[in-house]
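# An overview of the molecular structure
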Amino acid sequence: MDRGELNDLIRQGPIRITMNSGDTVDILHREMVTVSSMAAAILVKGADGKYRHHLYPLVTMSKVEQLEPAS
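A brief report on the enclosed structure follows. (Residues numbered from 1 in each chain as written. Predicted model: local features only at pLDDT ≥ 70, side-chain atom pairs only at ≥ 80, totals over all residues. Heavy atoms only, no water.)

### Comments concerning the nonpolar core
Defined as follows: Nine residue types can take part in a nonpolar core, namely buried Ala, Val, Leu, Ile, Met, Phe, Trp, Tyr and Cys, and a core is a set of them joined through side-chain atoms within 4.5 Å. Throughout this description, buried means an accessible area under 20% of the type-specific maximum (1.4 Å probe, protein chains only), exposed means over 50%, and partly exposed covers the range between. A run of DSSP states H or I qualifies as a helix once it reaches four residues; a run of E qualifies as a strand once it reaches two. Both are numbered from the N-terminal end. Contact definition: two residues touch when any of their heavy atoms are within 4.5 Å.
Among the nonpolar cores identified, the biggest contains 15 residues, and Leu6, Ile17, Ile42 and Met61 are the most heavily contacted of them. Those elements that place two or more of their residues in this core are helix H1 (3-12), strand S1 (15-19), strand S2 (24-27), strand S3 (33-35), strand S4 (39-45) and strand S6 (61-66). The leading source of residues in this core is S1, at three residues. In contact with Ile17, not counting residues within four places along its chain, are Leu6, Asp23, Thr24, Val25, Ile27, Ile42, Met61, Lys63 and Val64.

Structure, rendered in structure tokens:
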């Protein structure tokens, strides 16, 4: 996965990223992520309800799939 490919998928709508570890992260809104040439910084809501940035290296992303938009 490279920066351009990931940005294109994010622009098309909500996506789910699966990491090599099996962890998944959903990006529901474009404003929740910043993509560099090496990693994606994604705002993730924790169990305490607070949002925090998590870094996900692009080279460890094994699958990216489109999600159905919310109705």
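### Points about the sheet that holds S3
Put simply, the test is: Each pair of strands is called paired provided DSSP finds at least two bridges between the two strands. Comment: axis = line fitted to C-alpha atoms, over the contacting stretch for helices; angle = value between 0 and 180 degrees taken between N-to-C directions.
If you trace the three strands from one edge of the open sheet to the other, you get S3-S4-S5, paired in antiparallel fashion. Two strands bound the open sheet, and with one partner strand each, they are S3 and strand S5 (51-57). Across the sheet, the mean angle from the axis of one strand to that of its neighbour is 20 degrees, orientation sign disregarded. Across three bridges, S3 lies against S4 in antiparallel orientation. Considered in S4, the bridge of Thr34 is made with Ala41.

### Remarks on the sheet that holds S6
Pairing is antiparallel in the open sheet, where three strands are placed in the order S2-S1-S6. Strands with a single pairing partner mark the edges of an open sheet, and in this sheet they are S2 and S6. Within the sheet, the average angular offset between the axes of one strand and its neighbour, ignoring direction, is 20 degrees. Of the strands in this sheet, S1, S2 and S6 are in contact with H1, which crosses S6 at around 25 degrees.

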